[in-house]
Amino acid sequence: MNERILDQESYAQSTPAKPAHDDGIDLDDLLPKIGEFGLYQKCLLWLVCLPACLPCGFCAFNQLFMTDTPDHWCLVPQLSNFSLAERKMMSIPKKAEDNSTYESCMRYSVNWTEIFELNKSIHFNESWPLEPCLDGYEYDRSEVISSVVIDFDLVCDYDVYPTLGLVALNVGGPVGVYSFGILNDRIGRKKSFFACLSTLLLGSIMTAYAHEYWFWVVARIIVGLTIPAVYQIPFIISLELAGPNYRSFVTVMTCIFYTLGLILLSGVTYVLRDWRSLALATSVPFFFYYLYWFVLPESPRWLLMKDRLEEANNILKTIARVNGKHLPEEFTTKLQKQVLEQKEHGVKETKNANAFSLCKTPNMRLKTILITLNWCASEMVYVGLSYYGPAIGSNQYMSFFLSSAVEIPSYIVCWILMDKVGRRWPLCLSMVISGIFCMVTVLLPNDAENETLILYLISKCFISASFLIIYPYAGELYPTELRGVGIGTSAYIGGLGLIIIPFINYLGTNNLVLPLVLMGALSVVGGLTALRLPETLHTSLPQTAEEGEEIGKDWTYKDCWSCGGPRQVESEGDSYENLDQLELTQAPIMEDEVSDLRPVRRSSMRKLVRQASILETQRDHDGSLKMTYWF
C-alpha cells in the first residue's frame, strides 16, 4: 500500500509517513490488538474522563451567579424605623422614563435628622435636590440572599467591577493552558492533572473566603488558570488510549457531558442563593477526585517518550488483560529494540515550525487569517452567549438551563452533517443563522422577554454547532507539518478574544439587546468569511507546507456554492470510504490476526471513522498529544 495514501487517509498523522523499513512504534497499530475501546477504555471514559468535565464547567460559570445584582436603592439610616415602602417613597426619586420604579443610585438630599429633631411635618416634594448614595445601599434579598455585588457594594459607580472579575477569570485561561501544557509534557499527564486540580481547589476555597474584592479577583485568576486545562488532561489520556476509530466518539461525548455539567450547575445555583455556599458546593466535592490517583493511568505515549519502557509495558498489559486480550510479544521485543537504538544513536532532533511559517505564502496566509477569524468569532460568540444566558428572560436559572440544554442536539446533528454535507457550509450556516437570530432581537419591544429568550436559544444552538466544527475543519486545512502550530495559534488568539467578551456583555446593563446585536454581527461576518475556505470533505489532507499552499489556491466564486467534496476514486485503496481497510493494514507484525477484527467492527464505528476527525493529528514528533492545541 502506498505510504503516502496511508498517511493522508488515516487521519493524517502529524509526522511524515514512515518508510517501510522503519521499525518505529505506533500505538495506533497496537490498540486494535489489545482493544480500541474495550472495557478498560470505557471505564476510563465514563468514570474518569467524563466526570472530569464537571469542575471546569462548574468553576467557569458559577461566577455568573456569584455576581448577581439584585434591585437596590440608597440607604438612608435616619429612616430605619419606617417600612420599606415608606423609606423608598420618602427618600428615593422615581425614574423619569418609568414612573413606577425607583432610582438605584440617587436619593433626595434632605437632612432627615434636622426634620425629626424639630418635629417638622414632612411634605414630600419631587423637586428636592438629589445626591448619590452616601451611606451605602439596600438590596432586595427576596431571591438572592447574598452575592459578591451585595457584600462589596459593587453597584452604581462600581458596577463594572463584577465584569472585571470575569475578565480576570478569562485572563488566567490562556496562561494556565500554556503553563499546564508545558507541565503536562514534562512531568506527565497524571501528575499535571493533580497539580491542576489542586490549583483549582485552592482558587475556589480562596474565592469562598474572600473578604475583600481584590482578594476575590486574585482567587478568580487562580481558578482561571485551570480552565479548561483541568478536564483536558484526563481527556487527552482517554484519547491516547482509545483507538483511532473511537476518538470522535470520545470527543463528542465529552462535549455532551460538559453540557450536562452546565445543566447540573443551573440546578445547584437554583438551590443555593448564597455565593460563598455556591463557591464551596461547586468545588469541595471535587476533593474526591484525588482518589483518581489510584485509577488514572499515565499515558503510555508519554512514558515511551521518556524511555520508561517497563511502566508503559505494564499499563498496556493491564489494558489488554481488562479487555480480555493479550499483549503481543512482538510489540515488547520491538519496543526494547527501539529504546536500545535510541540510547545508542540518540534521538534525531526535529525542526519545529513557528507561527511565521503559516504566513510565508499568500494562500496559506489567507487561510490562516480566515481560520483564526472564524475560530475567534465562534469562540467569542459561544462564550459570550453562555455568559449572557442568565440575563435573558424572567428567570435566570431557567434561562441558563435552557441555554445549556440546546447545545446537546446541536452537537449530534452537526456531527452527522459534517459527514454528509462537509465542513464549510455547516460552519457558515451555523454562524450566520446564529448571528441573524441574535440581531433580530433588536426589532422586539423592550418587554418581549419570552420572544427574546426564544431567539437567544436558537442562536445559542447554532453557535454551539459551529464551535464543534471549527476544530476538525482547521486541522484539515493546516498541512501536517504546520498543523500543531496552526491550531495552537488560532486557538490561542481565540482564547485571548474572550477577554473582551465581558465588556461586550456589560453593555447590556443599559440596553439588553445591544450585546446580542454585536455578537450577532461578529458571528455573521465570521460565517460569511468561511465560504472563502476550501472544502475538505473526501479530500486528501496536505502533508507539507507546499501542499497546504496548493489547497484552495484555484478558488473561485463558484466554489462558494459547492457542497461537500469530490470523492477520490483513483483506486480502491485510495477511496475515502475504505479507510477501515487502510487502518487495519498498518501493522505488519499483526497481519495474521487482522481478519479477526472484521466481524467485531460495528457500522456505527465506521461512520465515526469516515467522519475523519482530526483530533489525533495534533501531535508532537513522538506521537503524543499536546494540550496547548486543545484550547
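About the cut-offs
Residue indices begin from 1 for each chain and proceed along its sequence in written order. Where local features are concerned, this predicted model is filtered to residues with pLDDT of at least 70; where side-chain atom pairs are given and counted, the filter is 80 or more; whole-chain, interface and lining totals use all residues. Hydrogens and water are ignored here; the side-chain numbers use all heavy atoms of the structure. UniProt positions are given in the numbering used here, feature names are shortened, and annotations may be inferred rather than shown by experiment. Runs of H or I in DSSP of at least four residues are treated as helices and runs of E of at least two as strands, each being numbered from the N terminus. Residue burial is assigned from relative accessible area. The probe radius is 1.4 Å, only protein chains are included, and a residue is buried under 20% of its type maximum, exposed over 50%, and partly exposed in between. In this analysis, two residues are considered to be in contact whenever any of their non-hydrogen atoms come within 4.5 Å of each other. Surface accessibility in these figures is a Shrake-Rupley result with a 1.4 Å probe; residues are shielded only by whichever protein chains are displayed. The rule for a disulfide is simple: a pair of cysteine sulfur atoms within 2.5 Å. Any Phe, Tyr or Trp ring, taking Trp's six-membered ring, that has another such ring centre within 6.5 Å forms a pair; planes under 30 degrees apart are called stacked, those over 60 apart edge-to-face, and the others tilted. Only lysine NZ and arginine CZ atoms are considered, and such an atom sits over a ring when it is within 6 Å of the ring centre and within 35 degrees of the ring normal. Just to be clear on terms, a salt bridge is a Lys or Arg side-chain nitrogen sitting within 4 Å of an Asp or Glu carboxyl oxygen. Throughout, the arc means the angular range of directions from the helix axis out to the C-beta atoms. In the analysis that follows, any N or O atom pair within 3.5 Å is treated as a polar contact, provided that within protein one partner can donate a hydrogen and the other can accept it, and provided that, for residues neighboring in sequence, both atoms belong to side chains. For patch detection, residues must exceed 30% relative accessible area and be free of salt bridges, and they are connected within 9 Å for like charges or within 5 Å for nonpolar side chains (Val, Leu, Ile, Met, Phe, Trp, Tyr). Take the buried residues of types Ala, Val, Leu, Ile, Met, Phe, Trp, Tyr and Cys, join any two whose side-chain atoms come within 4.5 Å, and each joined set is a nonpolar core. A residue's pLDDT is the predictor's confidence in that residue, given on a scale from 0 to 100. As a rule, the C-alpha atoms of each element are fitted with a line to give its axis, helices using only the stretch in contact, and angles between N-to-C directions run from 0 to 180 degrees. By definition in this entry, angles of less than 35 degrees are roughly parallel, angles greater than 145 are roughly antiparallel, angles of 65 to 115 are roughly perpendicular, and the rest are oblique. Crossing handedness follows the turn of the near helix against the far one: under a right angle anticlockwise gives a left-handed crossing, and clockwise gives a right-handed one. Each residue is assigned to one class: nonpolar for Ala, Val, Leu, Ile, Met, Phe, Trp, Tyr, Cys and Pro, charged for Asp, Glu, Lys and Arg, and polar for all the others, Gly among them.

An unreviewed UniProt entry annotates the protein chain as Major facilitator superfamily (MFS) profile domain-containing protein of Pieris brassicae. Taken verbatim from the UniProt record of the protein chain, the Subcellular location (unreviewed entry) comment is "Membrane".

What follows deals with the overall build of the protein chain. What the protein chain contains, in helices and strands, is 29 helices and 4 strands. Taking all 631 residues of the protein chain together, the buried fraction comes to 57%. For the protein chain, restricting intrachain contacts to residue pairs at least 6 apart in sequence, the fraction spanning at least 24 positions comes to 80%. When the accessible surface of the protein chain is split by element, carbon and sulfur atoms take 61% of a total near 27,500 Å².

Our focus in this paragraph is the side chain of Ser399. Following the sequence through the fold, Ser399 ends up in helix α19 (residues 396-405). Here Ser399 is in contact with Gly389, Ile392, Gly393 and Leu453, once residues within four sequence places are set aside.

Disulfide: a covalent bond connecting the sulfur atoms of a pair of cysteines. Tallied over the entire structure, the rule returns 2 disulfides. Paired by a disulfide, Cys74 and Cys133 hold their sulfur atoms 1.7 Å apart. In this structure the cystine formed by Cys74 and Cys133 twists about its S-S bond by roughly -65°; its chirality is therefore left-handed. Linking Cys74 in strand β1 (residues 72-74) with Cys133 in the loop between β3 (130-132) and β4 (137-139), this pair joins segments that are 59 residues apart in sequence. Exposure class is identical for Cys74 and Cys133. Each is buried. With a sulfur-sulfur separation of 1.9 Å, Cys105 is cross-linked through a disulfide to Cys156. Residues Cys105 and Cys156 are joined by a disulfide whose S-S torsion is about -95°; by sign, that bridge is left-handed. Highlighted residues: Cys105 in the loop between α6 (84-91) and β2 (106-108) and Cys156 in the loop between α8 (148-152) and α9 (161-187), separated in sequence by 51 residues. Overall, Cys105 belongs to the partly exposed group, its relative accessible area being 25%.

What follows deals with the packing of aromatic side chains. Taken as a whole and judged by the stated rule, the model has 25 aromatic pairs. On the basis of an interplanar angle of 10° and a centroid distance of 4.8 Å, the ring pair of Tyr382 and Phe467 is categorised as stacked. Taken together, the residues Tyr382 in helix α18 (residues 362-388) and Phe467 in helix α22 (residues 449-477) connect sequence positions 85 residues apart. A residue is classified by how much of its surface remains accessible, and Tyr382, at 5% relative accessible area, is buried. A relative accessible area of 28% means that Phe467 is categorised as partly exposed. In this structure an aromatic cluster arises from ring pairing among Phe58, Phe193, Phe194, Phe286, Phe287, Tyr289, Tyr290, Tyr292 and Trp293. It is Lys190 that lies over the ring of Trp293; its NZ or CZ is 4.6 Å from the centre. Across from the ring centre of Tyr270, 4.9 Å away, lies the NZ or CZ of Arg273, which sits over that ring.

Turning our eyes to something else, we now look at the pattern of salt bridges. Going through the model one piece at a time under the given rule, you end up with 7 salt bridges. Here Glu131 and Arg107 are joined by a salt bridge, their closest N and O atoms 2.9 Å apart. Of the two residues, Glu131 is situated in strand β3 and Arg107 in strand β2; the sequence distance between them amounts to 24 residues. You can call Glu131 buried: its relative accessible area is 16%. Overall, the relative accessible area of 7% leaves Arg107 in the buried class. Of the charged contacts, one joins Asp151 and Arg276 as a salt bridge, the two residues approaching to 3.7 Å between their closest N and O atoms. Within this pair, whereas Asp151 is found in helix α8, its partner Arg276 is found in helix α14 (residues 275-281), the two being separated by 125 residues in sequence. Taken together, the shared-partner salt bridges connect Arg107, Glu131 and Asp135 into one network.

Once that is clear, we can look at α19. Turning to α19, its buried residues number three or more, namely Gln396, Tyr397, Ser399, Phe400, Ser403 and Ser404. Buried positions in α19, seen along its axis, are confined to an arc of 165° and lie on one side of it. Buried positions along α19 lie against α4 (53-61), α5 (63-66), α13 (247-271), α18, α20 (407-420) and α22. For α19, the N-terminal cap is Asn395; the gap from its side-chain oxygen to the backbone nitrogen of Tyr397 is 3.0 Å.

Attention now moves to a nonpolar patch on the surface. Among the surface-exposed residues, Phe288, Leu291, Trp293, Phe294 and Val295 lie close enough to one another that they form a single nonpolar patch of about 620 Å² accessible area. Topologically, Phe288 is positioned in the loop between α14 and α15 (300-305).

To continue, consider the environment of Ile221. Summarising the element assignment, Ile221 is placed in helix α11 (residues 213-224). Its relative accessible area of 32% is what places Ile221 among the partly exposed residues. Residues Ile221 and Leu169, 52 residues apart in the sequence, show an inter-C-alpha distance of 4.9 Å. Leaving out residues up to four positions away in the same chain, Ile221 has contacts with Ala168 and Gly172.

In this structure, Phe61, Phe193 and Trp216 are the most contacted members of the largest nonpolar core, which totals 146 residues. The biggest single contributor to this core is α18, with 13 residues.

Here we come to the confidence of the model for the protein chain. Confidence in the prediction of the protein chain, expressed as mean pLDDT, is 79, and 80% of residues score 70 or more. Segment residues 1-23 is flagged for pLDDT under 50; beyond a separation of four residues in sequence, or across chains, it makes 66 contacts in the model. Below a pLDDT of 50 lies the segment residues 567-618, which in the model reaches 111 contacts outside its immediate sequence neighbourhood of four places, other chains included.

Positionally, Leu340 belongs in helix α17 (residues 329-345). Residue classification places Leu340 among the exposed positions, given a relative accessible area of 57%. When the C-alpha atoms of Leu340 and Asp307 are compared, they prove to be 9.7 Å apart, with 33 residues separating the residues in sequence.

Relative to each other, α18 and helix α25 (residues 514-529) sit at 155°, their axes nearing to 9 Å. One element, α18, and the other, α25, form an angle in the roughly antiparallel class. Where α18 crosses over α25, the two elements pack in a sense that is left-handed. Residue-level contacts link Leu370, Leu373, Asn374, Ala377, Met380, Val381, Gly384, Leu385 and Tyr388 of α18 to Pro515, Leu516, Met519, Leu522, Ser523, Gly526, Gly527 and Thr529 of α25.

Interaxial distance between helix α10 (residues 189-208) and α11 falls to 8 Å at its minimum, and their mutual angle equals 160°. One finds that α10 runs roughly antiparallel with respect to α11. Of the two possible hands of crossing, α10 and α11 adopt the one that is left-handed. Listed contacts from α11 to Thr199, Leu200, Gly203, Ser204, Met206 and Thr207 of α10 are Phe215, Trp216, Val218, Ala219, Arg220, Ile222 and Val223. Looking at the contact of α10 with α11 residue by residue, the classes come out as 8 nonpolar, 4 polar and 1 charged.

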